[in-house]
Amino acid sequence: MSGEHKTVIQGTASKYVKLNVGGSLHYTTIGTLTKHDNMLRAMFSGRMEVLTDSEGWILIDRCGKHFGTILNFLRDGSVSLPDSRRELQELLVEAKYYLVGMSYRQGGPTRQSGKYL
């Protein structure tokens, strides 16, 4: 795509960023993305370049279907799991990609280092 360029994202925890994850658009704070040790912290802590489009959306080349769930998990520490096994497996793949550690407990997954769903 034309208009794409690499940049380093820096700012305070309260700074909002616009994310385009495979066409799924999300708006969140740097604080949410850097709250826990995962791939998103590396991307948004100023340690690495990210790809942005001409409108300032940060581009992440992943399917965006489950990114909202990943984002809510980072915000809240727990999420409701999908009902279907297939959707659960898809969510597992995304959690592993973003290095978001989750473990099961009654009521949904919780944050835990080294375990994915």
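Residues numbered from 1 in each chain as written. Predicted model: local features only at pLDDT ≥ 70, side-chain atom pairs only at ≥ 80, totals over all residues. Heavy atoms only, no water.

Novice: Quick question: what am I supposed to make of the nonpolar core here?
Specialist: Looking at soluble globular proteins, one finds that nonpolar side chains tend to be buried together. If you look at the biggest cluster of nonpolar residues, it comprises 23 residues, and the most contacted ones within it are Leu19, Leu40, Phe44 and Tyr98. Contributions of two or more residues to this core are made by β2 (16-21), α1 (30-34), α2 (39-44), β5 (58-60), α3 (67-76) and α4 (85-97). The element contributing the most residues to this core is α3, with 5 residues. Setting aside residues no more than four positions away along its own chain, leucine 19 makes contact with Ser24, Leu25, His26, Thr28, Leu33, Phe44, Trp57, Ile58 and Phe67. (Core = buried A, V, L, I, M, F, W, Y, C linked by side-chain atoms within 4.5 Å. Buried < 20%, exposed > 50% of the residue type's maximum accessible area, 1.4 Å probe, protein only. Helix = DSSP H or I, 4+ residues; strand = E, 2+ residues; numbered from the N terminus. Contact = heavy atoms within 4.5 Å.)

Novice: Can you help me understand α4 in this one?
Specialist: Note that an α-helix has 3.6 residues per turn; residues three or four places apart therefore point the same way. Across its 13 residues, α4 extends 18 Å between first and last C-alpha, which sits within 8% of the 18 Å expected from 1.5 Å per residue. All buried positions along α4 are accounted for by Leu88, Leu91, Leu92, Glu94 and Ala95. For α4, the buried positions fall inside an angular range of 165° around the axis, keeping them on one side. Downstream of α4 by a residue or two, leucine 99 has a phi angle that is positive, lying close to 55°. (Expected span 1.5 Å × (residues − 1). Arc of directions from axis to C-beta.)

Novice: Looking at this model, I keep getting lost on α3. Mind explaining?
Specialist: Phe67, Ile70, Leu71, Phe73 and Leu74 are the residues of α3 that are buried. All buried residues of α3 lie within an arc of 155° about the axis, which places them on one face of the element.

Novice: What is the right way to read the confidence of the model for the chain from this model?
Specialist: Regions with low pLDDT carry predicted coordinates that are not meant to be interpreted in detail. A residue-level look at the chain finds 85% of positions with pLDDT of 70 or above and a mean pLDDT of 87. Confidence drops under pLDDT 50 across residues 110-117; counting only partners more than four residues distant or on other chains, this segment forms 32 contacts. (pLDDT = per-residue confidence, 0-100.)

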